[in-house]
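Fold and geometry: a report
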Amino acid sequence: MNVVGPARLVLLRAGKYDYGEVELINPLHLVGPNNVGKTSLIAVLQFLYIDDQRSMHFSREMAETRKYYFPDQNSYLLFECLTPGGYQVVGVQGLGPVRGYEFQRFAYQGRYDAADYLDDERRLRPPEEVRARLAARDFRLLEPRHLRAALTGLGDNRGVNLGLVPIRQRDHYERFRSVFGNLLRLAHLRQEELKRFLLEIHRGEFQQGAIDLETGYSSQYRRVCRDAEALGELRAIAPDVQRVLELAGRRDGLRRMLPGLWQEVRAGYARAESDRLVRKQRGEEKLARLHRETDGLNAEEKELGAKRDAALRRLGELQLLLAQHRQEEEEFRTCLADFEAARLHELETELDRLGAVLAQAVDLDAEKVRDRLHRMTGELATLRRRQEQFARNVASRLQPLLGDGIMEHLFRLLNPEILGLAHGDEGLVVKDEALLAGLLQRFAGQVQEGVYEDDRVRVLLEALPEPDLAVFRDARTLGGRVAELEDAIRREEQLLAAAENAEENRRQRTALRGERDRIKKRLDRFQAHQRRLPEIRQFEAEKGEREQQQLRLEGRLAALAARRTAISVEARDLEDEGRRLDTDGQELLRRLHRLTAPASGWPVEPFQAEGRSLEELLGLYDRNHREHEEIAGRYADELRRIEQRTYGRYLGEDEAATLANLKAEVEALAEREKAVQELWKSLAAGLQSAFKGLHRDLATLSMRVDELNRRLGRVSISNLARLRLLLNEHPEWTRRIKTVVEFEAMPLFADPDAAGEAQHQLGELLERNRRVELGDLFDLQFEVTSADGQTRRYPHLDSIESNGTTITIKVLINLMLLKGLLGDREVSIPFYLDEASSLDRDNLIAIVREARRMGFVAVLASPEAMEAADTLYFLRERDGRVLLAPETAMVRIEREGDDGG
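Presented here is a report on the structure given in the accompanying data block. These numbers come from a predicted model, not from an experiment. (Residues numbered from 1 in each chain as written. Predicted model: local features only at pLDDT ≥ 70, side-chain atom pairs only at ≥ 80, totals over all residues. Heavy atoms only, no water.)

1. Digging into the overall build of the protein chain
As a reminder of what qualifies: Helix and strand assignments come from DSSP, with helices taken as H or I runs of at least 4 residues and strands as E runs of at least 2, each series counted from the N terminus. We call a residue buried when its accessible area falls under 20% of the maximum for its residue type, exposed when it is over 50%, and partly exposed in between, using a 1.4 Å probe and counting protein chains only. Between two residues, a contact is recorded if the distance between any of their heavy atoms is within 4.5 Å. Per-residue and other accessible areas follow the Shrake-Rupley method at a 1.4 Å probe size, with only the shown protein chains counted as cover for residues.
Across its full length, the protein chain carries 25 helices and 21 strands. Across the 901 residues in the protein chain, those meeting the buried criterion constitute 44%. Of the contacts formed within the protein chain by residues at least 6 apart in sequence, a portion of 74% connects residues at least 24 apart. Total accessible area on the protein chain stands at roughly 48,700 Å², and carbon and sulfur atoms take up 48% of it.

2. Concerning the sheet that holds strand 11 (residues 458-460)
Test applied: A pair of strands is considered paired only if DSSP assigns at least 2 bridges between the two.
With antiparallel pairing, the 3 strands of this open sheet are ordered in space as 9-10-11. In the strand order of this sheet, the two ends are held by strand 9 (447-448) and strand 11, each with one partner.

3. Brief notes about the pattern of salt bridges
The test is simple: Each reported salt bridge corresponds to a side-chain nitrogen of Lys or Arg within 4 Å of a carboxyl oxygen of Asp or Glu.
Counting across every chain of the model gives 59 salt bridges. Note that Asp52 is salt-bridged to Arg54, the shortest N-O span being 2.7 Å. Residue Asp119 is joined to Arg123 by a salt bridge in which the shortest nitrogen-to-oxygen separation is 3.5 Å. A network of salt bridges, in which partner residues are shared, links Glu273, Arg276, Lys280, Glu284 and Asp582.

4. Topic: the side chain of Asp697
Threshold: In this tally Asp and Glu are treated as negative and Lys and Arg as positive; neither His nor the chain ends contributes. Think of a polar contact as two N or O atoms within 3.5 Å of one another; within protein, one of them needs to be a possible hydrogen donor and the other a possible acceptor, and neighboring residues in sequence only count if both atoms come from side chains.
By secondary structure assignment, the location of Asp697 is in helix 20 (residues 669-713). Buried charge without a partner: Asp697 forms no salt bridge, and the closest opposite charge is Arg696, 6.1 Å away. There is a polar contact of 2.8 Å between the side chain of Asp697 and the backbone nitrogen of Gln207. Setting aside residues no more than four positions away along its own chain, Asp697 makes contact with Phe206, Gln207, Gln208, Gly209 and Leu774.

5. Here we look at the environment of Leu725
Assignment of secondary structure puts Leu725 in strand 12 (residues 720-729). Given a relative accessible area of 2%, Leu725 falls into the buried group. Along the sequence, Leu725 and Asn709 sit 16 residues apart, while their C-alpha atoms lie 6.3 Å from each other. In this structure, Leu725 is in contact with Leu194, Leu198, Val705, Leu708, Asn709, Leu780, Gln781 and Phe782, ignoring residues within four places of it in sequence.

6. Some thoughts on the pairing of strand 6 (residues 103-109)
Remark: a regular strand shows side chains that alternate across the two faces of the sheet. Extensive coverage of strand 6 is indicated by the burial of 5 of its 7 residues. Pairing of strand 5 (residues 86-94) with strand 6 involves 7 bridges; the strand directions are antiparallel. Counterpart to Gly94 in the pairing with strand 6 is Phe103. Where strand 6 and strand 7 (residues 140-142) come together, 3 bridges link them in antiparallel fashion. Bridging from a neighbouring strand, Ala107 pairs with Arg140 of strand 7.

7. Notes on the side chain of Lys195
Locating Lys195 in the fold gives a position in helix 7 (residues 191-201). On the basis of relative accessible area, Lys195 is assigned to the buried category, the value being 6%. A polar contact of 2.7 Å, which involves the side chain of Lys195, links it to the backbone oxygen of Gly775. Ignoring sequence-local partners within four residues, the contact set of Lys195 consists of Gly775, Phe778, Asp779 and Leu780.

8. Brief notes about unusual backbone geometry
Located in the positive-phi region is Asn35, a residue other than glycine, with phi close to 65 degrees. Its location among the elements puts Asn35 in the loop between strand 3 (28-31) and helix 1 (38-42). Phi angles above zero are rare outside glycine, and Arg122 is one such case at about 60 degrees. Relative to the helices and strands, Arg122 is located in the loop between strand 6 and helix 4 (127-134).

9. Here's the deal with the sheet that holds strand 16 (residues 829-833)
Our working rule: Axis lines are fitted through C-alpha atoms, for helices just across the contact stretch, and the angle between N-to-C directions can take any value from 0 to 180 degrees.
Here we have 5 strands laid out as an open sheet, ordered 16-17-3-18-21, and mixed in their pairing. The open sheet is flanked by strand 16 and strand 21 (890-892), the only strands paired with a single partner. Each strand of the sheet is rotated relative to its neighbour by a mean of 20 degrees, with strand direction disregarded. Across 5 bridges, strand 16 lies against strand 17 (residues 856-862) in parallel orientation. Considered in strand 17, the bridge of Ile829 is made with Phe856. Helix 23 (residues 803-822) contacts strand 16 and strand 17 of the sheet and is inclined by roughly 165 degrees relative to strand 16. Where helix 24 (residues 841-854) meets the sheet, its contacts fall on strand 16 and strand 17, and the angle it forms with strand 17 comes to roughly 155 degrees.

10. A word on the packing of helix 23 against helix 24
In a pair of packed helices, the angle between the axes and the distance between the axes together describe the arrangement. The line we're drawing: Roughly parallel here means an angle under 35 degrees, roughly antiparallel means over 145, roughly perpendicular means 65 to 115, and every remaining angle is called oblique. Each residue is assigned to one of three groups, with Ala, Val, Leu, Ile, Met, Phe, Trp, Tyr, Cys and Pro labelled nonpolar, Asp, Glu, Lys and Arg labelled charged, and all others, Gly among them, labelled polar.
Between helix 23 and helix 24, the shortest axis-to-axis distance is 10 Å and the interhelical angle comes to 5 degrees. Between helix 23 and helix 24, the angle falls in the class roughly parallel. Every residue of helix 24 that contacts helix 23 at Thr805, Thr808, Val811, Leu812, Leu815, Met816 and Lys819 is listed here: Asn843, Ile847, Glu850, Ala851 and Met854. Counted by class, the contact of helix 23 with helix 24 contains 7 nonpolar, 3 polar and 2 charged residues.

11. Quick look at the environment of Ala497
Here Ala497 lies in helix 16 (residues 475-500). Since its relative accessible area comes to 32%, Ala497 is described here as partly exposed. Linking Ala497 and Ala366, residues 131 residues apart in sequence, is a C-alpha distance of 8.6 Å.

12. Some thoughts on the nonpolar core
The criterion, for reference: Residues enter a nonpolar core if they are buried and are Ala, Val, Leu, Ile, Met, Phe, Trp, Tyr or Cys, with the set joined through side-chain atoms within 4.5 Å.
By size, the foremost hydrophobic cluster in this structure holds 120 residues, and its most contacted members are Phe47 and Phe79. The element contributing the most residues to this core is helix 23, with 11 residues. The residues touching Phe47, leaving out its near neighbours within four places in the chain, are Met56, Phe58, Met62, Tyr69, Phe70, Leu77, Phe79, Val92, Phe103, Arg105 and Leu147. Among the nonpolar cores identified, the runner-up in size contains 29 residues, and Leu234, Val241, Leu247 and Trp262 belong to it.

13. Thoughts on helix 7
Counting buried positions along helix 7 yields 9 of 11 residues, so the element is predominantly enclosed. Taken residue by residue, helix 7 has Gln191, Glu193, Leu194, Lys195, Phe197, Leu198, Leu199, Glu200 and Ile201 as its buried positions.

14. Describing the pairing of strand 15 (residues 791-794)
Bridge analysis of strand 14 (residues 778-786) against strand 15 gives 4 bridges, and the strand direction is antiparallel. The residue of strand 15 that forms the bridge with Phe782 is Tyr794. Counting the residues between successive antiparallel strands, the hairpin from strand 14 to strand 15 contains 4 residues, one of them, Gly789, with a positive phi of roughly 90 degrees.

15. A word on the packing of helix 7 against helix 23
For clarity, the cut-off: By convention, the crossing between two helices is left-handed when the near helix turns anticlockwise from the far helix through less than a right angle, and right-handed when the turn is clockwise.
Packing of helix 7 against helix 23 leaves a shortest axis separation of 9 Å and a crossing angle of 30 degrees. The angle between helix 7 and helix 23 falls in the class roughly parallel. Our pair here, helix 7 against helix 23, has a crossing hand that is left-handed. Counting all contacts with helix 7, which are made through Leu194, Phe197, Leu198 and Ile201, the residues of helix 23 involved are Ile813, Leu817, Gly820 and Leu821. Partitioning the contact of helix 7 with helix 23 into residue classes produces 7 nonpolar, 1 polar and no charged.

16. Quick word on the packing of aromatic side chains
Quick reminder of the rule: Pairing of aromatic side chains requires ring centres within 6.5 Å, counting the rings of Phe and Tyr and the six-membered ring of Trp. Pairs whose planes differ by under 30 degrees are stacked, by over 60 edge-to-face, and all others tilted.
Tallied over the full model, the rule gives 17 aromatic pairs. Both rings, one in Tyr68 and one in Tyr69, keep their centres 5.1 Å apart while their planes meet at 70 degrees; by these two values the pair is edge-to-face. Like Tyr69, Tyr68 is buried. Three or more aromatic residues link up through ring pairs in this structure, and these residues are Phe47, Phe58, Tyr68, Tyr69, Phe70 and Phe103.

17. Points about the environment of Gly601
Among the secondary structure elements, Gly601 is positioned in the loop between helix 17 (502-594) and helix 18 (614-645). Here Gly601 falls in the exposed class, since its relative accessible area comes to 68%. In this structure the C-alpha to C-alpha distance between Gly601 and Pro259, which are 342 residues apart in sequence, comes to 9.8 Å.

18. Quick word on helix 14 (residues 433-445)
This is how it is decided: Here the expected span of a helix is defined as 1.5 Å times the quantity of residues minus one.
Between its first and last C-alpha atoms helix 14 spans 18 Å; for 13 residues at 1.5 Å apiece the expected length is 18 Å, and the two agree. For helix 14, the full list of buried residues reads Ala437, Gly438, Leu440 and Ala444.

What follows is the structure, encoded as structure tokens:
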């Protein structure tokens with residue numbers, strides 16, 4: 001028979017899973033290293049079983065958890081569930097970053113089909129396409145309240161009936177959420193939680209269950225206390241009432257007097273203000289006249305000041321000119337103008353010469369000039385040597401022998417320098433002139449029409465330079481050449497000197513220019529000084545006139561300043577008087593404003609103010625009004641204290657009615673004491689009866705705890721001989737109510753001390769406990785007997801024996817509590833047990849077996865595989881992502897028996 005519950009869990013692009021799929025029908029074991037995603041896989045069951053994300057528990061904050069599981073709109077959590085109406089899928093889809101990584105739930109009929117979400121290439125379909133494929137299967141969006149109704153079958157489920165949490169009462173769902181969260185997180189099972197779950201599970205078996213002290217008894221107790229307190233207060237408030245009446249009389253007398261006095265104060269203020277304004281206006285008129293006179297003085301002073309300033313400026317100019325003249329006279333006393341003019345001419349001439357020399361040296365290269373000069377000097381030496389040897393040179397001997405024409409032809413071909421050699425020197429010796437002449441003539445005979453030709457060579461004479469034979473034959477020509485070369489050498493030497501001394505020449509020229517400029521400037525100033533001599537006498541005469549004018553203007557300005565000072569003093573006195581009047585007026589107005597006007601409803605009686613000044617009237621009103629405020633405050637405080645002590649029970653429509661009510665209540669004290677005494681007896685008897693019923697319910701709960709202990713006794717837990725849950729009663733509750741009831745026959749007003757103690761004890765009970773629950777009457781403890789016979793008790797299920805033993809007990813207790821909430825309905829609910837390897841094999845098998853017996857599917861997790869579950873899923877991570885497909889990651893365990901072997 002198929003059991004209602006989730007059959008398959010699928011994650012699509014959620015958390016670390018690109019794809020994850022596990023079956024939830026039988027116990028399973030998630031195997032993988034730490035942080036691979038085992039916990040995050042099974043934690044998503046909260047999205048199926050828990051309607052409000054505020055009640056979910058994850059390792060991260062909820063906002064970060066949503067972003068982790070639902071990074072975009074293609075993120076899905078899918079739960080294939082077997083329901084009373086067949087298979088249905090409950091899905092959770094992410095809404096993406098634009099919607100704050102929120103999610104929405106949906107449901108549709110039928111089983112999970114991967115093709116609805118993945119295309120043929122195993123890629124996620126767009127959300128619109130997914131929804132279109134599911135539309136024909138009664139696709140519906142679910143709000144949290146719809147999911148809750150679909151799970152429990154209670155409320156508006158929008159036609160989706162899952163039946164996964166068949167609780168017996170509507171408010172049991174909150175308990176289910178808490179226990180389910182404990183199963184997923186294996187939280188500490190505190191005593192208060194265990195008590196609350198036990199009471200909720202067995203609520204239908206209790207007759208009394210709880211005592212509503214607030215509704216059933218606290219109001220009656222408060223009425224007893226209130227009436228008793230009111231009666232006691234009425235005895236004590238009579239003197240207070242008399243004092244309040246006396247204060248009211250004095251207050252009303254002041255209220256009749258103050259309005260008339262206020263009118264006199266206002267009339268006196270009006271008269272004082274009128275007088276102040278008249279005096280202020282007179283002062284302002286006189287001040288205006290002084291301002292007009294000041295304006296006239298300022299205009300005249302401005303005009304005279306302008307004239308004085310002009311005279312001073314001109315006088316300053318004249319003094320400057322005369323001072324410059326005297327300085328120039330002293331300067332030019334020793335000036336020799338002709339001498340300095342001659343020196344200026346010399347400097348101009350020398351500057352022209354230096355300018356010409358520097359102009360020549362602008363583009364000169366000293367090294368090139370030096371080479372050229374060296375070459376020309378060598379050429380000059382050659383010419384001078386020729387000149388010295390001219391009478392003995394070869395040309396003088398050959399000329400007569402050969403003639404002019406032959407010489408030109410021959411020495412165009414031969415080196416002409418031979419002609420300049422001295423005969424008989426080492427350079428050339430003519431042994432036989434006739435033979436030499438014949439040889440040369442025969443050689444010259446080979447020249448025909450400008451061409452030399454023999455058997456070996458032919459030379460065009462025009463191709464060779466024409467020799468200059470004049471220097472070898474004419475002494476004057478040679479002398480002229482020597483003189484020209486000497487002039488050229490002198491020019492080159494000058495150029496070389498200019499190039500080598502250019503920087504020195506520039507410095508010399510700069511110095512000469514400075515001297516020339518100084519002399520020229522001095523001569524120009526001297527000539528200007530001479531030209532100004534006629535004007536200086538006029539300036540001296542004008543200076544005397546200006547000084548007299550300045551004295552006259554200064555005198556007049558001093559007189560104007562004195563009058564303006566006098567006006568300023570008078571105006572300041574008037575302004576001070578005006579400010580004093582303003583200050584007096586403001587101070588008077590502030591004093592008037594500080595006074596509080598009488599209320600409009602107070603009666604107005606004439607006030608006799610003869611002979612009293614405004615100052616006296618203000619002081620009188622202030623004193624009387626403060627006295628009224630003090631009396632009114634005391635009156636209000638006294639009346640308020642009476643109202644507070646009586647809690648305002650005697651307030652009437654007005655003060656007179658309130659006082660009348662107080663008087664009437666005091667006269668009825670005896671009758672009211674009797675009524676309060678009867679109410680007190682009834683209250684004590686009712687509480688006694690209610691606590692007896694609550695004690696019977698405690699006995700019923702004790703029997704149910706015994707049944708839970710019997711179920712725990714059927715489970716074998718390693719290292720433990722026995723595990724029991726103990727219910728310890730709180731007898732102080734019964735003692736407390738018994739003590740109060742003993743005073744039920746005692747009159748409240750016979751023995752004030754004893755009655756007050758009874759009231760105090762009952763009041764303390766009712767004040768501290770608005771409602772007495774059955775759980776207030778007992779505590780729970782876990783009693784553990786180890787294998788060696790030692791017994792220990794623990795108030796909470798935090799750490800009992802070993803960690804593995806503690807986990808085993810936590811799981812079993814939570815499963816039994818959850819089963820108690822669900823009743824006898826056949827449903828399958830997964831729960832998670834992390835670090836299963838920390839439990840020994842026997843405890844793990846006991847958990848899986850007991851869970852299966854109660855209708856729960858164990859989901860184990862650890863780094864190593866164990867055989868306690870029916871199915872193993874091996875989780876592997878690649879590049880931070882997990883692909884968990886049954887065909888590649890699931891291994892089923894086949895068993896020979898049903899004992900977990």
